[in-house]
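A closer look at the structure
Residue-level listing of the chains:
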Amino acid sequence: MTGRIGNIELATGVRITHFWTYMYASLICIGMISNMNFSQPYILIEHLGIANPGEAGRITGQLTLITEIMSLLLIWPFGILADRIGRRPVIMLGIGTIGLSYAVYPWATEVSQLMAMRVIFGIGVAAAAAMTATIQNDYPTESSRGRVIGFSSAFNALGIVLATRLVSALPKWLQDAGMEPVAAGRYAYGAAAVVCFVSLLVFRFGLKGGVPEEVRQRPRWWSLIRSGVEQMRNPRILLAYLYTVPARGALVVAGLFLSLWASTAVRAAGGDVAVAQYQVWLPFAVVQIFAVGWSFVFGWILDRVSRVAGVVLSMAMSIVAYGSMYFVETPLDLRMLPLFALLGASMASGMMSSAALVGQEAPPAKRGAVIGLLSLFGSAGIILAATYGGELFSAATPWAPFLLIAGAQAVVLVVALVVWVVAPGDWKPGPRAAMGRH
């Protein structure tokens, strides 16, 4: 039995309740993952007393590196595991572990403890990120894939807005009520942990159990591992893998360095970090709101053009958006909001186009392994962006990490143009183009 929501057609066995629970998962998982980076400056400055911009940038890069090393090690195995035992238990493990990391993180008293807690967080990120990407491609039929990815990306952005608002606003509100900064941070992180633990129950009773119909025979582990690598022979999947490196790096640069940029600037001027995070939420929200709006538009575009063309378009947008950060003196300058709006649209396009391309090309029975490898490439992008972005932030100027992403996008754009010309695939533009795909 096939469900339908408006003009979105769901895969066999996927109910409307499954779809909306997945939208909730898109909102919560990505929101909580992104918020850890956004709220990082508060912990470093208020809890640990690290106010020097250079040191804060270096430590921020190191902490993100730890998270992504864990993702690099585990995200592909989690994708393979999901092809064996189902998506639901893996995503429950992910959100539960993320909640645990929020519960313990603000109790750290030195950087080494934060690093140990980031290991816990990295396990949760690997499981949750692998499953949100996999379920995104399980639930729709091919003809509706772009629109479902658009919906999911919109909920991702909404989740980031809500999560960052919760943790950025709570410390200020609590301090205004008379609470000291460290206690305010602990209450804010504790609230985030509660949301994660409640989500465990939502996922358990709302998401589809078992494995997709196409995976009933449960391929052997080695077959799944080999299949993810073998799919690189397909130039379009190879392009998706390569593009995920700067696309995921772009997300972490925006999430990490916008907040750090504002917090260190305000602290250097003698201001309060809680106020800085409260103020920087507006440009950050503009980024995510435009990501939401553009997600629906770009999802519609992806169902009507070649998926490779969609990748090329998203790369061009990202080069312009991230390159334009050169002209920003401070993220608290409201005159720069149009540039942040473009940044949000380009972020949404990057993740949507690579997911749509790999979802179109990956065999359903091996999709978890293929998307796991896609996420592996994404983790490599985050590691590179966090490491070199942190060094550039400390040694050069705050906009330097953004120009790093623009340059990386330009390099991969050359590959995309070659694939577009030489191996564009059999995609036929049109509202129901996928119905004609072989």
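Residues numbered from 1 in each chain as written. Predicted model: local features only at pLDDT ≥ 70, side-chain atom pairs only at ≥ 80, totals over all residues. Heavy atoms only, no water.

1. A closer look at the overall build of the protein chain
The test is simple: Each helix is a run of DSSP H or I of at least 4 residues and each strand a run of E of at least 2, with the numbering of both proceeding from the N terminus. We call a residue buried when its accessible area falls under 20% of the maximum for its residue type, exposed when it is over 50%, and partly exposed in between, using a 1.4 Å probe and counting protein chains only. Any pair of residues with heavy atoms lying within 4.5 Å of one another is described as a contacting pair. With residues, only the protein chains shown are counted as cover, and all accessible areas are computed by Shrake-Rupley using a 1.4 Å probe.
When helices and strands are tallied, the protein chain shows 14 helices and 2 strands. The burial tally for the protein chain puts 62% of its 438 residues in the buried class. When contacts within the protein chain are restricted to residue pairs at least 6 apart in sequence, those whose partners lie at least 24 apart make up 84%. Carbon and sulfur atoms form 68% of the exposed surface of the protein chain, whose accessible area is close to 15,900 Å².

2. Side note on helix 6 (residues 145-176)
Quick note on the threshold: What a helix should span is 1.5 Å times the count of its residues minus one. To get the bend at any residue, fit one axis to the seven residues that end at it and another to the seven that begin at it, then take the angle between the two axes.
Here helix 6 contains 32 residues, and its C-alpha end-to-end distance of 46 Å stays within 8% of the 46 Å for a straight helix at 1.5 Å per residue. A maximum bend of about 25 degrees is found in helix 6 at Ala169, where proline Pro171 lies one to four positions downstream. When you tally the buried positions in helix 6, you get 25 out of 32 residues, the bulk of the element. Looking at the residues trailing helix 6, positive phi occurs at Gly178, about 110 degrees.

3. Section: the layout of surface pockets
For clarity, the cut-off: The definitions used throughout rest on a 1 Å grid laid over the protein atoms alone, on which a cavity is an enclosed set of points accommodating a 1.4 Å probe that cannot get out and a pocket is an open set flanked by protein within 12 Å on both sides along at least five of seven lines; lining residues are those having an atom within 4 Å of a point. Grid points are joined across faces, edges and corners, and a volume is the space filled by probe spheres set on the points. As a working rule, the residues Ala, Val, Leu, Ile, Met, Phe, Trp, Tyr, Cys and Pro are called nonpolar, Asp, Glu, Lys and Arg charged, and the rest polar, with Gly in that last group.
In this model, the second largest pocket occupies a volume close to 170 Å³. In terms of lining, the second largest pocket is formed by Val245, Pro246, Gly381, Leu384, Ala385, Tyr388, Leu404, Ile405, Ala408, Val411 and Val412. Grouping the amino acids of the lining of the second largest pocket by side-chain chemistry returns 10 nonpolar, 1 polar and no charged.

4. Examining helix 4 (residues 87-104)
Structural remark: α-helix, 3.6 residues per turn; residues separated by three or four positions point the same way. Over its 18 residues, helix 4 runs 27 Å from end to end, which matches the ideal 26 Å to within 8%, given 1.5 Å per residue. Burial analysis of helix 4 places 13 of its 18 residues in the buried class, the great majority of the element.

5. Digging into the packing of helix 1 (residues 16-38) against helix 6
This is how it is decided: To define axes, lines are fitted to C-alpha atoms, for helices over the stretch in contact only, and angles between the resulting N-to-C directions are given on a 0 to 180 degree scale. Relative orientations are named as follows: roughly parallel for angles under 35 degrees, roughly antiparallel for angles over 145 degrees, roughly perpendicular for angles from 65 to 115 degrees, and oblique for any other angle. By the definition used in this description, the sense in which the near helix is turned from the far one sets the handedness, with an anticlockwise turn below a right angle giving left-handed and a clockwise turn giving right-handed.
Put simply, helix 1 and helix 6 touch, their axes get as near as 7 Å, and they point 45 degrees apart. Considering the angle they form, helix 1 stands oblique to helix 6. In the crossing of helix 1 with helix 6, the sense of the turn from one axis to the other is right-handed. Along the lines of polarity and charge, the residues of the contact of helix 1 with helix 6 split into 16 nonpolar, 9 polar and no charged.

6. Regarding the packing of aromatic side chains
For clarity, the threshold we go by: Working definition: a ring pair exists when centres of Phe, Tyr or Trp rings (six-membered ring for Trp) sit within 6.5 Å. Plane angles under 30 degrees give stacked, over 60 give edge-to-face, the rest tilted.
Scanning the model with the defined rule gives 13 aromatic pairs in all. On the numbers, 6.0 Å between centres and 70 degrees between planes, the contact of Tyr22 with Tyr139 is edge-to-face. Taken as a pair, Tyr22 in helix 1 and Tyr139 in the loop between helix 5 (111-138) and helix 6 lie far apart in primary sequence, 117 residues in all. By the burial criterion, Tyr22 is buried, and Tyr139 matches it. Between Tyr102 and Tyr189, the ring centres sit 5.5 Å apart and the planes meet at 45 degrees, which makes this aromatic pair tilted. With Tyr102 in helix 4 and Tyr189 in helix 7 (residues 181-206), this pair connects stretches of sequence that are 87 residues apart. Through pairs of rings, three or more aromatic residues link up here, namely Phe19, Trp20, Phe151 and Phe155.

7. With respect to empty space enclosed by the protein
In the structure shown here, the tally under the stated rule is 2 cavities of 30 Å³ or more. What the largest cavity holds in volume is close to 800 Å³. Lining the largest cavity are 44 residues, and of these Ile30, Asn156, Arg248, Leu251 and Met351 sit closest to its centre. When grouped by side-chain class, the residues that make up the lining of the largest cavity number 24 nonpolar, 17 polar and 3 charged. Taken as a whole, the second largest cavity encloses approximately 30 Å³ of empty space. Taken together, Tyr243, Ala247, Ala250, Ser318, Tyr322, Ser346, Met347, Gly350, Met351 and Gln409 form the lining of the second largest cavity. Listed by contribution, the elements that provide at least two residues to the lining of the second largest cavity are helix 9 (235-268), helix 11 (307-323) and helix 12 (337-361). Among the elements that line the lining of the second largest cavity, the one with the most residues is helix 12, at 4 residues.

8. Concerning the nonpolar core
As a rule of thumb, soluble globular proteins bury nonpolar side chains together. Cut-off, in case you're wondering: Only buried residues count toward a nonpolar core, which is a set of Ala, Val, Leu, Ile, Met, Phe, Trp, Tyr and Cys residues joined through side-chain atoms within 4.5 Å.
Counting residues in each nonpolar core, the largest one holds 118 residues, and the members touching the most others are Tyr102, Tyr322, Phe340, Leu343 and Phe402. Take this core: its biggest share by element is 16 residues, from helix 9. Other than its neighbours up to four places away in sequence, Tyr322 contacts Ala250, Leu251, Val253, Ala254, Leu343, Ser346, Met347, Phe402, Leu403, Ile405 and Ala406.

9. Remarks on the side chain of Gln40
With respect to the secondary-structure elements, Gln40 resides in helix 2 (residues 40-47). Dropping the residues within four chain positions of it, Gln40 is found in contact with Thr60, Leu63, Tyr105, Leu114, Arg118 and Tyr189.

10. A short note on the confidence of the model for the protein chain
Stated formally: What pLDDT conveys is the predictor's confidence in a given residue, as a value from 0 to 100.
Looking at the protein chain, pLDDT values average 81 and 87% of them are 70 or higher. Across the protein chain, element-level confidence peaks in helix 4 with a mean pLDDT of 94 and bottoms out in helix 8 (residues 221-230) with 64. Low confidence marks residues 429-438, where pLDDT is under 50. Its contacts with residues over four positions away, or in another chain, come to 21 contacts.

11. What to know about the packing of helix 4 against helix 5
Running from N to C, helix 4 and helix 5 cross one another at 145 degrees; their axes reach a closest spacing of 7 Å. Both helix 4 and helix 5 take part in a crossing whose hand is left-handed. For the contact of helix 4 with helix 5, the class distribution of residues is 14 nonpolar, 6 polar and 2 charged.

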